[in-house]
Amino acid sequence: PHRWWLHCEDPAMPDALDAFSPPARTWCCRTFGRPTPPQAQGWPAIQRGEHTLILAPTGSGKTLAAFLWGIDQIYRETQAGGAPAGIRLLYVSPLKALNNDVHRNLDVPLNGIRRTAHEMGLTLPPLATALRTGDTTQSARAAMVKKPPHILVTTPESLYLMLGGERSRAVFRTV
C-alpha cells in the first residue's frame, strides 16, 4: 500500500520501520533517510521483546536502535490513556558523561516524534526524562520518586541506591 508519510530513499528499508507508529516512522525517515544496518537488524528482535545485543561502531545508530521502540511504545500508551505511572524505560551506564549525553540527546527523538505527530493531526503528550547520578540533588531525587519520569538515565550506583529504598523501588514496577 502507498504510505504517504514515508520519505525514505530506499523502498526496501522501510520494512524495518513497519511496526512503528506513523509519527515515529515518518520522523525517523525524515531525519535519517533510512535505518542503519544495526537499526534494521536490531528492531525486529527488540519489537518481539527478545534480549538483543547490538555490536557496531560508534555513530552507527545503536542508541537510537535501543531507544526508539521503547519511546514509540510509551507514546502509544500515553495516547491511548493506558500508560502506568512510573518509569517505563531505563538506561544504565557507568559513565556519567555518556549518561549526560544520552539524556540530552533524547530530546531529539522525543520532540521530533511529537512535532511529526502534530503535523499529522495527532496529539502526543510530552514524555518526562530524568538523569540520576551521584550529582543529582536531594530535591531532584525526591521529585523523581514523587512524580517518576517516563525515561530514567542513571548509573549502576544510583540504581542500586534507588532499588534499596522502598518508595524509590516502587517506581521501577512499570519498567
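Here the structure is a predicted model, which means the values were calculated and not measured. (Residues numbered from 1 in each chain as written. Predicted model: local features only at pLDDT ≥ 70, side-chain atom pairs only at ≥ 80, totals over all residues. Heavy atoms only, no water.)

A.B. asks: What exactly am I supposed to notice about the packing of helix 4 (residues 96–105) against helix 5 (residues 107–119) here?
C.D. replies: The geometry of a pair of packed helices is captured by two quantities: the angle between their axes and the separation between those axes. Close contact between helix 4 and helix 5 brings their axes to 5 Å; oriented N to C, the two are set at 10 degrees. With respect to their mutual orientation, helix 4 and helix 5 come out roughly parallel. Counted together, His103, Arg104 and Asn105 of helix 4 and Asp107, Val108 and Pro109 of helix 5 form the full contact between these two elements. Here the contact of helix 4 with helix 5 is composed, by residue class, of two nonpolar, two polar and two charged. (Axes fitted to C-alpha atoms, helices over the stretch in contact; angles between N-to-C directions. Helix = DSSP H or I, 4+ residues; strand = E, 2+ residues; numbered from the N terminus. Parallel < 35°, antiparallel > 145°, perpendicular 65-115°, else oblique. Contact = heavy atoms within 4.5 Å. Nonpolar A, V, L, I, M, F, W, Y, C, P; charged D, E, K, R; others polar.)

A.B. asks: Can you help me understand the pattern of salt bridges in this one?
C.D. replies: In total, this model carries six salt bridges according to the counting rule given. Residue Asp135 is joined to Lys96 by a salt bridge in which the shortest nitrogen-to-oxygen separation is 3.2 Å. With Asp135 in the loop between strand 2 (129–132) and helix 6 (138–146) and Lys96 in helix 4, this pair connects stretches of sequence that are 39 residues apart. When its relative accessible area of 58% is taken as the criterion, Asp135 is described as exposed. Asp101 is the salt-bridge partner of Arg104, the closest N and O atoms lying 2.3 Å from each other. Linking Arg104 with Asp101, this pair stays in helix 4, spanning three residues, or about one helical turn. Overall, Arg104 belongs to the partly exposed group, its relative accessible area being 48%. On the basis of relative accessible area, Asp101 is assigned to the partly exposed category, the value being 33%. (Salt bridge = Lys/Arg side-chain N within 4 Å of Asp/Glu carboxyl O. Buried < 20%, exposed > 50% of the residue type's maximum accessible area, 1.4 Å probe, protein only.)

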